[in-house]
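So the chains spell out like this:
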Amino acid sequence: MPVELVTEDERWGPLDLDALAPRACGATLTHLGHDPALVEISLLACDDARIRGLNAQFRAKDKPTNVLSWPTWDLSPDTPGGAPEAPETGTPEDPEMLGDIALALETCTREAREQGKSAADHATHLIVHSTLHLLGYDHETDEDAALMEKTEVEILAKLGIADPYATDDSGLPHGVAGVD
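Predicted model only: the values in this text are computed from it and were never measured.

Asks: Which residues make up the overall build of the protein, and what are the values?
Replies: In terms of helices and strands, the protein carries five helices and four strands. Order of helices (α) and strands (β) in the protein, N terminus to C terminus: β-α-β-α-β-β-α-α-α. Relative to the globule expectation of 16 Å for 180 residues, the C-alpha radius of gyration of the protein, 15 Å, shows essentially globular dimensions. Dimensions of the protein along its principal axes, counting C-alpha atoms only, are 45 × 35 × 35 Å. Looking at the protein as a whole, 43% of its 180 residues are labelled buried. Taking the intrachain contacts of the protein between residues at least 6 apart in sequence as the baseline, contacts between residues at least 24 apart amount to 71%. Carbon and sulfur atoms make up 49% of the accessible area of the protein, which amounts to about 8,700 Å² in all. Between the mean site of the 12 positive side-chain charges and the mean site of the 35 negative ones, the protein shows a separation of 8 Å.

What follows is the structure in structure tokens.
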């Protein structure tokens with residue numbers, strides 16, 4: 001799975017995004033029946049200041065967020081809760097660009113700590129989540145959110161990561177407060 005990783009903040013080092021990102025992106029693509037060797041994803045591993053600027057520039061929200069994604073194509077379905085279109089693909093020698101992801105270190109690690117999970121598991125979840133966005137999934141309607149969450153949970157389970165949407169004894173979700 002070609003993932004072009006640009007690491008702007010060396011504090012990402014302990015998470016080994018060189019291994020984690022292709023694994024998360026590849027698992028997402030494979031789960032959905034796509035060949036990971038035929039597409040490429042660009043991943044920017046940055047800090048909160050950088051993602052705040054990107055969030056302001058592209059979403060008019062002047063605050064940091066955990067992850068952003070920019071799909072190459074609009075693959076979203078025509079009906080809420082429907083399956084997105086399949087992406088364009090290239091060849092193993094010349095994979096097609098699926099899109100770009102930016103991941104913010106401080107927000108990711110803070111959320112992981114608050115949710116009682118490892119930073120690696122949370123980063124994996126955010127990368128799976130964003131890869132789904134690149135593939136046309138979204139959470140703008142209840143139907144779309146249900147499909148996206150169900151798909152995330154299935155992929156994460158294959159990666160040995162617990163359901164981030166499960167609730168604890170208090171009824172509060174464990175997991176994705178603030179995912180884009």
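Next comes the rest of the account.
Asks: Any chance you could break down the environment of G13 for me, citing the residues and the numbers?
Replies: With respect to the helices and strands, G13 occurs in the loop between β1 (3-7) and α1 (17-31). Taking relative accessible area as the criterion, G13 reaches 48% and is therefore assigned partly exposed. When the C-alpha positions of G13 and A45 are compared, they lie 9.9 Å apart, and in sequence the two are 32 residues distant.

Rules used in this analysis
- Residues numbered from 1 in each chain as written.
- Predicted model: local features only at pLDDT ≥ 70, side-chain atom pairs only at ≥ 80, totals over all residues.
- Heavy atoms only, no water.
- Helix = DSSP H or I, 4+ residues; strand = E, 2+ residues; numbered from the N terminus.
- Rg over C-alpha atoms; globule rule 2.2 N^0.38 Å.
- Buried < 20%, exposed > 50% of the residue type's maximum accessible area, 1.4 Å probe, protein only.
- Contact = heavy atoms within 4.5 Å.
- Areas by Shrake-Rupley, 256 points an atom, 1.4 Å probe, with all protein chains shown as cover.
- Lys, Arg positive; Asp, Glu negative; His and termini not counted.
- Charge placed at Lys NZ, Arg CZ, Asp CG, Glu CD.

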